[in-house]
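Residue-level structure breakdown
Each chain, written out:
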Amino acid sequence: MNLLNDNEKQYLLSKIRDVADFPQPGIVFKDITTLLKDSNAFSFLIDHLYNYYKDKDIEFVAGIESRGFIFGAALAYRLKSSFVPIRKKGKLPYTTISEKYALEYGFDEVEIHIDAFDGKDDNPNVLLIDDLIATGGTAKAAIDLINKSGANCSNACFIIDLTFLNGTDLLDKHTDIYSVLEIS
Ligand code: AMP
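Remember, predicted model here, so these are calculated numbers, not experimental data.

The next thing to look at is the overall build of the protein chain. Helix and strand counts for the protein chain stand at 5 helices and 9 strands. Reading the secondary structure of the protein chain in the N-to-C direction produces α-β-β-α-α-β-α-β-β-β-β-α-β-β. Its C-alpha radius of gyration of 16 Å places the protein chain within 12% of the 16 Å reference for a compact globule of 184 residues. With the C-alpha coordinates of the protein chain rotated into their principal frame, the extents come out at 40 × 40 × 30 Å. A buried classification covers 43% of the 184 residues belonging to the protein chain. Put simply, of all contacts in the protein chain between residues at least 6 apart along the chain, 58% involve residues at least 24 apart. With the model as given, the accessible surface of the protein chain reaches about 9,600 Å², and the carbon-plus-sulfur share is 48%.

Laid out in structure tokens, this is it:
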């Protein structure tokens, strides 16, 4: 297993921009577009994830809309795995299955195509990826969707974990979690 040292973590953290009060007052939004814009930082991150996951028998990478698509598709290409999008309700064109999850106020819903994991081994290993885990609600719903779709969510990866929100507590019984950067 290949982990980043403190200097490498600092390097990546320095590429992520904090935007105060977006999308609403009180939220500090972690903007990863500044990391993507830096070709050295982006390729360093994807190469690191490739080295971390290359021997873990990942058959599918599933990215959560929308920033999970960016990291997930680049990583799937490097791993020579398939890529599957997990999208917000109403965006996928074919038959879907969906999972609701609670927000602070109300509910949201994520969907996956019913045949997303067809065509490979039975119960294939899936790596779920998103840019950030906050409360963990989105990722938990995505894991449940993957496992209901005839696949095994063996791993979950987040570029940033806002550890003070304890989101990984919702997931750690269900999958093997790796957060590249922890913000406390
Ligand atoms: P949660 O379900 O609370 O873990 O929220 C995770 C989802 O919301 C991810 O798809 C993130 O991209 C997004 N998100 C939540 N909080 C932030 C934040 N402070 N900065 C950037 N994205 C966030």
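There's plenty left to go through after this.
This paragraph deals with the pairing of strand S6 (residues 107-113). With respect to burial, S6 is a largely interior element, 5 of its 7 residues being buried. Here strand S4 (residues 82-88) runs beside S6; their pairing, made up of 2 bridges, is antiparallel. Bridging across to S6, Arg 87 finds its partner in Glu 111. In the sheet, strand S5 (residues 96-102) pairs with S6 via 7 bridges, with the strands oriented antiparallel. For Thr 96, the partnering residue across the bridge sits in S6 and is His 113.

On to the sheet that holds S5, then. Spatially, the 7 strands line up as an open sheet ordered S5-S6-S4-S3-S7-S8-S9, and their pairing is mixed. With one partner strand each, in any of the chains shown, S5 and strand S9 (176-183) form the two edges of the open sheet. For this sheet, the mean inter-axis angle between neighbouring strands, taken without regard to orientation, is 20 degrees. In the packing of helix H5 (residues 137-148) onto the sheet, contacts are made with strand S3 (60-64), S4, S5, S6, strand S7 (125-133) and strand S8 (152-162), and the angle to S5 comes to roughly 150 degrees.

Inspection of the secondary structure assignment puts Ser 149 in the loop between H5 and S8. Looking at Ser 149, its side chain comes within polar contact range of the main-chain oxygen of Leu 145, at 2.6 Å. Setting aside chain neighbours within four positions, we find Ser 149 in contact with Ile 97, Ile 112 and Phe 117.

Surveying the vicinity of the ligand reveals 14 residues, the closest of which are Arg 67, Asp 130, Asp 131, Thr 135 and Thr 138. The side chain of Thr 135 places a nitrogen or oxygen atom 2.5 Å from an oxygen atom of the ligand. About the coverage of the ligand: the protein hides 81% of its 490 Å² of free accessible area. Mapped onto the shell around the ligand, the elements with two or more residues apiece are strand S2 (28-31), S7 and H5. When residues in the shell around the ligand are grouped by element, the largest group, 4 residues, is from S7.

Next up on the list: the environment of Ser 149. With relative accessibility at 12%, the residue Ser 149 sits in the buried group. Counting along the chain gives 120 residues from Ser 149 to Phe 29, while the straight-line C-alpha distance between them is 32 Å.

Thresholds, definitions, all that
Chains are numbered independently. Their residues run from 1 in the order of the written sequence. Only residues with pLDDT of 70 or above have their local features reported here, since the model is predicted, and side-chain atom pairs are shown and tallied only from 80 upward, although totals for entire chains, interfaces and linings are computed over all residues. Each side-chain value is derived from all of the structure's non-hydrogen atoms; neither hydrogens nor water enter the calculation. Helix and strand definitions here come from DSSP, where helices need a minimum of 4 consecutive H or I residues and strands a minimum of 2 consecutive E residues; each element is numbered from the N-terminal end. Our radius of gyration looks at C-alpha atoms and nothing else; its globule reference is 2.2 Å times the residue count to the power 0.38. Relative accessibility thresholds used throughout: buried, under 20% of the residue-type maximum; exposed, over 50%; partly exposed, between the two (1.4 Å probe, protein chains only). In this description, contact between two residues means that some pair of their heavy atoms is separated by no more than 4.5 Å. To measure how exposed things are, a 1.4 Å probe is used in the Shrake-Rupley method; for residues, cover is taken only from the protein chains shown. When DSSP locates at least two bridges between a pair of strands, those strands are taken to pair. All axes are obtained by fitting lines to C-alpha atoms, using only the stretch in contact for helices, and the reported angles, taken between N-to-C directions, cover 0 to 180 degrees. Polar contacts, as counted here, are pairs of nitrogen or oxygen atoms within 3.5 Å of one another; within protein the pair requires one atom able to donate a hydrogen and one able to accept it, and residues that are adjacent in sequence qualify only if both atoms are side-chain atoms. A cutoff of 4 Å decides nearness: a residue is near a molecule or strand if any of its heavy atoms lies inside that distance of it.

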